[in-house]
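# Close look at the chain arrangement
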Amino acid sequence: MTLASHLGAPRHAIFQQHAETIQTPCLLVDLAIVRKRYEQLADAFPTGNIYYAVKANPSKEVIRLVRDQGGCFDIASRYELDKVMAEGVAASRISFGNTIKKKQDIAYFYQKGVRLFASDSIADLKHIAEAAPGAQVYIRVLTEDRPGADWPLSRKFGCEPEMASRLIKQARELGLWPRGVSFHVGSQQRDLDAWAAALDRVKTIFDAAWRDGIALDLINMGGGLPGNYLHSTPKIREYANAIEAALTDRFKHVPVKLILEPGRYLVADAGVLVTEVVLVSKKRDEGARWVFIDAGKFGGLIETLDESIKYPIYTNKDADNAETDAVVLAGPTCDSADILYEKFRYQMPLSLDAGDRIYIVGTGAYTTSYSAVEFNGFPPLAAFYYDSEAVQAVSAAA
Ligand SMILES: *Cc1c(COP(=O)(O)O)cnc(C)c1O
């Protein structure tokens, strides 16, 4: 496989035009793919309201695209809020989805017009009641740890179902408007049953609220939908079918507003990180080749931690008949944690040398936003946005 066959010839040709002019390392993002993913998602979940999880790729280009598609935004900080509102997004299309927040930031969101807040504790709920009186809240419930998620998100956020039920009641007592329940099954979730298991918990909480005289009507299913990496995943249709069936089983007679918060799914596949080989060397004569590239764990590739996310990787020397061997892949900084893949060995051409290019595919999510600002003096990961279905590039951002 080569990059050209991965992207398809027409897209690859446009990609190459841009890749030739940039200085590495640089993330190239094709907005046409983001648009396509948005449309596929809206199509697969016709009753779902899409709240883009901005943290996955907070560029103004992606924010504008989601805005123009009519999407909403899941925001985690006042800085993300400012950025999204600067693009003319109305507060009614924004939720404050972070359960860990300062009271003065709640007040800031409220003052800007945001009325929908996530919570998972009585301490936070009291802050919301004081700083955002009368606001709508949904309670994040913990999900069980399941092995299907390549990047688990379950332990830090949410509370046990019994506590969630209590918080719903307390929200009402505090003068808030308890709307429903949220969860996140873990990012890059490959197990389709994860949603049904989480929805069982949501159902328990809805039933308990009903017995307390509270009619909940919002289910926020968070993220978890996948990007295309080395491990294959079910198709979006299969996710939609499994989730739709799980919802119908449990909430057939309950009218619910359904929220989806895709991050990775919308942007991952749109990005190719273009890097250059700094050096190819060995630790001992008979040892494996180490390929050092100019982007690493601190330059946007933090999701290689524990080799969790395995990106498809190509080189400019790839060819069907190229001789290859298994290499260790590492970044350029002076921290020994900056090894990308050592247990898992990528095959790379024997002819690979300093100055060659390595293309890391599927890097549109959780790269620029995770990149360090100055470790070893390296600047944050640059990004360039273009639209392979439009005439001209949209803009460049460093
Ligand atoms: C990070 C996050 C998401 C996005 O998750 P993905 O798996 O990238 O889709 C959605 N909702 C919340 C609350 C998040 O923290």
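Reading the values: the criteria
- Per-chain numbering applies: the sequence of each chain, read as written, is numbered from 1 onward.
- Selection of residues for local features in this predicted model requires a pLDDT of at least 70, selection of side-chain atom pairs for listing and counting requires 80 or more, and totals for whole chains, interfaces and linings are taken over all residues.
- For the side-chain quantities, the full set of heavy atoms in the structure was used; hydrogens and water were omitted.
- UniProt positions are given in the numbering used here, feature names are shortened, and annotations may be inferred rather than shown by experiment.
- Only runs of H or I of at least four residues qualify as helices and only runs of E of at least two qualify as strands under DSSP, and these elements are numbered from the N terminus.
- Only a single heavy atom is needed: when it lies within 4 Å of a molecule or strand, its residue is near that molecule or strand.
- Here a polar contact is taken to be a pair of N or O atoms separated by no more than 3.5 Å, where protein atoms must pair a possible hydrogen donor with a possible acceptor and residues adjacent in sequence count only if both atoms sit in side chains.
- Each accessible area is a Shrake-Rupley result for a 1.4 Å probe, and residues are judged covered by the shown protein chains and nothing else.
- Note that Gly is not counted as nonpolar here; it falls among the polar residues with everything else outside the nonpolar set of Ala, Val, Leu, Ile, Met, Phe, Trp, Tyr, Cys and Pro and the charged set of Asp, Glu, Lys and Arg.
- These domain limits were set by an automatic method or by a database of domain assignments.
- Contact between two residues is taken to exist if any of their heavy atoms lie within 4.5 Å; hydrogens are not considered.
- Put simply, buried area is how much 1.4 Å-probe accessible surface two parts lose in total, over both of them, once they are put together.

## Let's talk about the UniProt feature "modified residue: N6-(pyridoxal phosphate)lysine" (unreviewed entry) in the protein chain
Feature annotation in UniProt assigns "modified residue: N6-(pyridoxal phosphate)lysine" (unreviewed entry) to the following positions: Lys55. Here Lys55 is to be found in the loop between β2 (48–53) and α4 (60–68).

## Notes on the site of the ligand
Lining the immediate surroundings of the ligand are 13 residues, of which Lys55, Ser187, Glu261, Gly263 and Tyr366 lie closest. The separation between an oxygen atom of the ligand and a polar main-chain atom of Gly224 is 2.9 Å. In this structure, an oxygen atom belonging to the ligand sits 2.9 Å away from a main-chain N or O atom of Arg264. Burial of the ligand by the protein chains amounts to 93% of its free accessible area of 390 Å². For the shell around the ligand, a count of residues per class yields 3 nonpolar, 5 polar and 5 charged.

## Here's the deal with the domain arrangement of the protein chain
What the domain assignment reports for the protein chain is domain 1 (3–7 + 268–389) and domain 2 (97–262). Centre-to-centre, using C-alpha coordinates, domain 1 lies 35 Å away from domain 2. Counting residues at the interface gives 15 residues for domain 1, matched by 9 residues for domain 2. Of the roughly 1,000 Å² buried between domain 1 and domain 2, counting both surfaces, carbon and sulfur atoms make up 63%. On the domain 1 side of the interface with domain 2, the three residues burying the most area are Asp269, Ile309 and Lys310, jointly 40% of the side's total. The tally of links from domain 1 across to domain 2 stands at 2 residue pairs in polar contact (both at pLDDT 80 or more). Here the side of domain 1 that touches domain 2 is composed, by residue class, of 10 nonpolar, 2 polar and 3 charged.

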